Structure formats: C-alpha cells, structure tokens
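# Tertiary structure, described
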Amino acid sequence: MTQYIGKPLNRVDGVDKVTGKAKYAGEFNVPDLVYGYVISSSITKGKIARIDTADARSLEGVLEIFTHENRPKLAWFDMSYKDQNAPPGSPFRPLEDARIKYNGQPVALVVAETVEVARYAASLVQIEYEEEPHETDLQATKSKARKPESGLMSLLKPPPPKPRGNFEGEFNAAPVQVSAQYVHGIEHHNPMELFVTTVVYERNGKLTIYDKTQGAPNSQLYVSQVFNMPFSDVRVMSPYVGGAFGSALRPQYQLFLAVLAARQLKRSVRVTLTRQQMFTFGHRPATIQTLGLGASADGTMKALYHDAISETSQFEDYTETVVNWSGMLYPPENVRYDYKVVPLDVYTPLDMRAPGGVTGISALEMAVDELAYKLQMDPLELRLKNYTNRDMNEDLPYSSKELRECFRQGAERFGWSNRNYEPRSMRNGHLLIGWGMATGIWDATQGPARAEAVLMVNGKLRVSSATADIGTGTYTVMTQIAAETLGMPVEDVLFKLGDSELPLAPIEGGSWTVATVGSAVKTVCENLSKTLFKLAKNMPGSPFSNKSFSQVEFANKAIRLKSDPAVMVSLQTVVDSNGGRAVRETSTSMPNMLKQRNYARNTHSAVFVEVQVDEELGAVKVTRAVSAIAGGRIMNPKTARSQIIGGMVWGISKALEEESVMDHRFGRFMNHNLAEYHVPVNADIHELDVIFVDEVDTIVNPLGAKGLGEIGIVAMPAAIGNAIFHATGKRIRELPIHLDRLLS
Ligand code: MOS
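Residues numbered from 1 in each chain as written. Predicted model: local features only at pLDDT ≥ 70, side-chain atom pairs only at ≥ 80, totals over all residues. Heavy atoms only, no water.

### Details of unusual backbone geometry
Residue Leu-735 is joined to Pro-736 through a cis peptide bond whose omega torsion reads -5°. Within the element layout of this structure, Pro-736 appears in the loop between β31 (734–735) and α19 (739–743). Positioned with a positive phi, Phe-245 is a non-glycine residue whose angle comes to about 65°. With respect to the helices and strands, Phe-245 occurs in the loop between β10 (234–237) and α7 (253–265). Looking at Phe-245, the relative accessible area reads 30%, which means it is partly exposed. The phi dihedral of Lys-266 falls on the positive side, at around 55°, and the residue is not glycine. The residue Lys-266 is located in the loop between α7 and β11 (269–272) in this model. (Helix = DSSP H or I, 4+ residues; strand = E, 2+ residues; numbered from the N terminus. Buried < 20%, exposed > 50% of the residue type's maximum accessible area, 1.4 Å probe, protein only.)

### Quick look at the layout of surface pockets
Here the second largest pocket defines a volume of roughly 500 Å³. A per-class count over the lining of the second largest pocket returns 13 nonpolar, two polar and eight charged. (1 Å grid on protein atoms, 1.4 Å probe; cavity = no way out; pocket = protein on both sides within 12 Å on 5 of 7 lines; lining within 4 Å. Points joined across faces, edges and corners; volume = space filled by probe spheres on them. Nonpolar A, V, L, I, M, F, W, Y, C, P; charged D, E, K, R; others polar.)

### Description of the environment of Pro-94
As for its position among the elements, Pro-94 is in the loop between β3 (62–66) and β4 (99–100). A sequence separation of 12 residues divides Pro-94 from Pro-106, and the C-alpha atoms of the two residues are 6.5 Å apart. Those residues in contact with Pro-94 that lie beyond four places of it in its chain are Arg-71, Pro-106, Tyr-222, Tyr-253, Phe-256 and Leu-257. (Contact = heavy atoms within 4.5 Å.)

### So, the packing of helix α16 (residues 637–656) against helix α18 (residues 716–728)
Each pair of packed helices gets described by two things: the angle between the helix axes and the distance between those axes. Where α16 meets α18, the closest approach of the two axes is 8 Å, and the angle between their N-to-C directions is 55°. Relative to α18, the element α16 is oriented oblique. Between α16 and α18 lies a crossing of right-handed hand. Seen from α16, the contacting residues are Met-648, Gly-651, Ile-652, Lys-654, Ala-655 and Leu-656; seen from α18, they are Met-716, Pro-717, Ile-720 and Ile-724. (Axes fitted to C-alpha atoms, helices over the stretch in contact; angles between N-to-C directions. Parallel < 35°, antiparallel > 145°, perpendicular 65-115°, else oblique. Left-handed = near helix turned anticlockwise from the far one by under 90°.)

### A closer look at the packing of helix α9 (residues 357–375) against α18
Running from N to C, α9 and α18 cross one another at 30°; their axes reach a closest spacing of 8 Å. Here α9 lies roughly parallel to α18, going by the angle between them. Along this stretch, α9 crosses α18, giving a crossing that reads as right-handed. Facing α9, whose interface residues are Val-358, Ile-361, Ser-362, Glu-365, Met-366, Asp-369 and Tyr-373, α18 presents Pro-717, Ala-718, Gly-721, Asn-722, Phe-725 and His-726. A class-by-class count of the residues in the contact of α9 with α18 yields seven nonpolar, four polar and two charged.

### Side note on the sheet that holds strand β17 (residues 426–428)
Hydrogen bonds between backbone groups are what pair the strands of a sheet, and the pairing can be parallel or antiparallel. The strand order β17-β18-β26-β27-β30 describes an open sheet built from five strands, whose pairing is mixed. Here the strands that pair on one side only, and so sit at the sheet edges, are β17 and β30 (687–692). On average, each strand axis in the sheet is tilted by 25° relative to the strand beside it, whichever way the strands run. One ladder, built from 13 bridges, connects strand β18 (residues 431–443) with strand β26 (residues 602–614); its direction is antiparallel. Counterpart to Met-437 in the pairing with β26 is Phe-608. Packed onto the sheet, α16 meets β27 (620–630) and β30 and runs at close to 130° relative to β30. (Pairing = 2+ DSSP bridges.)

### Quick look at the pairing of strand β12 (residues 287–295)
Burial within β12 is extensive, with eight of its nine residues counted as buried. Strand direction decides the pairing type here: strand β7 (residues 176–184) and β12, joined by nine bridges, are antiparallel. Among the inter-strand pairings, Val-183 is bridged to a residue of β12, identified as Ile-288. Pairing analysis gives nine bridges linking β12 to strand β13 (residues 301–312), with the strands arranged antiparallel. Looking across to β13, one finds that Thr-287 is bridged to Ser-310. The turn joining β12 and β13, which pair antiparallel and follow one another in sequence, is formed by five residues; a positive phi near 100° is taken by Gly-299.

Shown next as structure tokens:
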C-alpha cells in the first residue's frame, strides 16, 4: 500500500498560484529595471538597407537602441548557439547582420526607462529594406522536399525505419485499399504567459536571469556559450511557468536580447514579447501526408505506406517523428515510410505537444477509419483485428500495452455498441449526430537526471532538481514521491525546481519528467534513507544497533522496525544526533538500458467522440468524449486527469479551430492574435471523460509510471474527424475542419 503515490493530492503550488504569490519571469522586480521593446521585421526575405534611430534616440527616457550595427561581437561557432533541443543546422542569431530570414525577425531592441517609452520609441525607428522574393508555401514547394539532416536529436526522434516486405506488390494485390492525402496547417503555441526574460545585473557583473523556459540549465548553457561567460556567472531561475507546450524547450530571442542589453548597459533589463510576437518564432509545422493501406477482405492489414512532407527553416532542419507510429500501432508486414522536409523562409518549427505524434496519428487513424468503411467493418473491430503486442518497427514486444483494455473500457463507458454503422443515420432534427473513435500512442521515455535530498535541522525534507513545472504538476508529484519514500507527511516536504544551481535535469518535455526526475527523486530519497538509518544505528543506545536496513521501514517521520513498529527513532532525533548539521544526499539516476533495450516503451489511448453537426450551418460541436489511457502507474489521478483533459481540449482545437493562417504574398501570419487565432472557449467544451486503465510495468522505469503530458491530444483530432464522417458522410482530410469545408 502506498500513502501518497497514486492519491489525488491537490497541487502543492496551488495556493501560491491562485493567491498571486507564485512569481513568473516577468514579475521579479528589481530597482532601476529598464525595459526592452523588440522591433520585428516587416519583410520576409532580403536585408536592411538603412536603419534610422535618431528620432527614437532623442526621446527622453530612451537609453539605447540595439541593432545589427552596434551589436557587439559574440560567439562565432554555431555550436555555441545550440541549446539542448537544437536541431541540426545553424541556429538563428538575433541582430547578427542586415539579413532578413523570416517575417517578424527581431531587427532592433529599444531600451528605455519605461515600457511605454520603449514602445513609442520603437514606432519612431525607420527601417528601409531591400526585399527579395521569398517562399513560404509548403503546398507550392512540396516537390522540393528533401531528406532532413539527421543529428543528435535523432536519438529522441528516430528517422523512419527501413522498408520491410514488399509494399507495392502486396498493396496492389490487396482486395481492399485506401490511399489518400491528409493535410494540416500551422499552429502556434499560445500559452497565457508571454515570453519574457528579466535579467538582474548584479554588482559584480554576474547575471541572475528569470526566464520563461522549460529548462533553466538549458537557458544557462545558451547564455554562457553565446556571451562567453562562465557558468558560475549565469544563474537562471524559472520557478513558475504559465504554460509552454514545447515553446520554451528552446531559448527564445527575448532571452538573448535581454542579456545583450543588460551586459552592454550594465543594468537590469526586462524584455517581454507581445502576443503578436508569439507568432515570430517556433510553431508546429504544416504537414502533408499520404497514407496507403491494403487489407484482405476479412480486414487483415497487409500493406502500409506512410509518407510525410513537412516544412523547416532555411537555417535548421527541424524534424519530428510523424510516420513511424503506423508500424508501432499496426502489424502489416509490407511497409514503406518516407519523411521529407522543405526549407522555407520561416522560423524553424518547434516541438508542440506530441510533436509528430498527433500529426502522424491524425492522418493514420483517419485512414484506418476509411479502411473500416471500405471493408464495411466496425472501426473498433478493425482495430482489434489488427492488434499487435509488438512494435513492428523495432520488432520488440511492448514493456506493457493495455490498449485492449482501453478499447473495452472506453467503448463501454461511451456506449459504442449502440452505434449505428451507417453514416448520417443518427440524426436529431437538423443536427447530424456522429460517433467516431481513434487510437493513440506516445513515447514513455526516461532520461538521466540528478536530485538532492536534505533532511534539514528542523526535521523537514527538502528535495530539489533543476527541472521545470510548466503547469503539469511536477512540484506535486515529486513531493509525493519524496514523501512516500521517506515516510513523511507531504506538508513536511519542500520540492524545489526551476533553478540552474540545482542538480542537473534535462528540459521538461516529451512526457518524460515523471519518469526521469521522479526516478532521481526516488533514488536520492532511498539513498538518504540508508544514510539516516546508518546514523540512527550508530547513535548511543540505538535500538537498531544489531539490525540491518532491510529490517526497518520509514513511516510517520520515523524509522521503525518492521517486526515491531513500537521500536522507533524519529527522524528529528536522527538529524539532532548529526552535530547540528542537516543530512544530505545527491544522486544521479540513469535509465536501466540493459532492462529497457529489449522492449518498446509507450503509452496508449483509445478515444471515443460524439459530435453534432448542424446540417445548415456546418457548425460542429463535440458533445462528449471519452479517453481511455494506458499510462502505467498513475502517480496522481487528479493532476493526471488534468493533463489528459488539457490534451483533449487541444485535440478539439486542432480538429476544429486552430490554425495560423499565412498570407504568402507577405510571408506573414495574418491571425497573429488571440481574437483571430481560434481556440476553444468554455462554451465549446462539453463532457470530457477520462479513464485510466490498470497497467503494471516493471521495465519502463523504477516508478512504473509513463508520462501523460502528450498522450491526451494524440487520438482526439482523428476521432473527431471520424465522428464528422459518421455524422455527415463527408470525409474531410484537412485539419482544422472548418465549417466552409463541411458546407462545400
Ligand atoms: Mo513537449 S512538445 O515535449 O514540451
């Protein structure tokens, strides 16, 4: 039995957040802080011919205007600009020269005593450009697609597996075939918190930086390399993050600009990007996919083809895993994949919640639904018919895979068996009702991480690691793991994160934080418990003098004998006996490769969705959805459910609303604000139901937990598209499914 793990603990940081005590990067105030305002390029490609800052400089309160003309010499090699999430290529360098590589590129930073003066001064800066023709349209350039460069990132984002079997032959011979193209547009992460960096210029020239980031050590690495500063002079803190979804996996240009200004002016500087400038860096890339599925008449999948063409920038090769998932979910033996990119005059795309996964599976799971209709089979039955316990790409068994149970429980909760098979058969007046389903899969990865645990002189426990909490619940789950391991009430445990001075952890992403940092927290607390036992055993008159560690347990803030719980020593007594000093341990935890390498490790989901489509207006409402998740051990059902609900809402958004629309004549996003960049509001969200099926996994990591940050979104868009087909008989292969696409 566990005391804390698996319990729906409220967020330990909840009160601080709702009372405003939790401080975000733009809320750390220091005396004499000055403010930077970024000027964005209004052209897409070319160069700055002339930049006139005289009028702006003459304004009272303006301190400096940084442009490519007065930018100091900084690091030369691309390597220095590479952060932990940098794809192959040459990272963008703000203000490096007169060249313009994409629309919205930062071309100047105005620094003034107030935000208002900085912003006004920015409007007085006059820039003349020499424009060159640009290319931003993926559809128009897809014939130029080429293989991406592969780099270190390919460890986390494997390229498509080699072909196997004989796709052409088996596909052509298959009596039932589906072959179709699926497209989805660009999306921009739009967390509520804007991108902001506050740089505190310390008296000795050291920097304390409050940055919006998914990894304080990543920003520290970037700043120290680019500005050639020792690590010890750069401290990055990020205790709270107001949403990120992947957008803060890489340092963004406001960090560079704020540090540049602080060092040149020898003052504390804050740079906040505007909402419109949130559309001037990474985004989920538009992707064009082609799926081919061949099956025998009984529904057995024989041949599979999955091809994707995606965009990247002219300076880096961003890739994501789009097509590989097909061979992980389905078992055909004749398979071919292809994945290519087209460099465009845009900023480098960036990981966004389930990068590649939701992209690939949206297309795959709509194609599988199409196959079910060609076979005249129930879509769930078709998936059960082609169920696999092996990842066919790697030819490895899954460490655990309770997807069958997800199908069973999800279908039962939803009432799938009451579905009429025929499209357009479930009408309610002018509303067409549709039921659709889809399968999801995502990685369950663990990386290396360090953590520290300290039993303090007041008897409380402080545990720390330089990870991040982007709203996912890291503070809470880590507190639970520490409390559980050392038998302490959660009130006596303080977990610290978001500080580059803490023990090193990787960027928070890929749904790996519970597995990665949680394992480090577990390990360090276990090590601390051994140290505490040794101290207790060596105390004069210790009841444990002839006992071994295996004979004791930690509970109620004490060490006690398993065989006789009345024999105990309180942790306070142990720390008191340590000569007035806290007891501390630091540990590293690494994935157990020997154990893991013979298994594929993934989360799975089954999603069932009901939509109502207004036949005259084309308006779609997702009236209810059930997500059944196989995510290993659920550390905290409350924060876990929130993760899945968040993913489901985003799935609705991706299926029906969200798209960054570019005017290719200008190479600029037209709807770069939250009024025109559509996302669901409360009125768009109805019944969302989450089921966690039991899944025991002793391979995946010491906690048996799989990450839940991304699996919630993966299957939603396809399930919605499939439900819309069922409601209307119209197969829309382009996301988002806007009403004009339904009315045409
Ligand atoms: Mo997530 S896109 O790995 O932050």
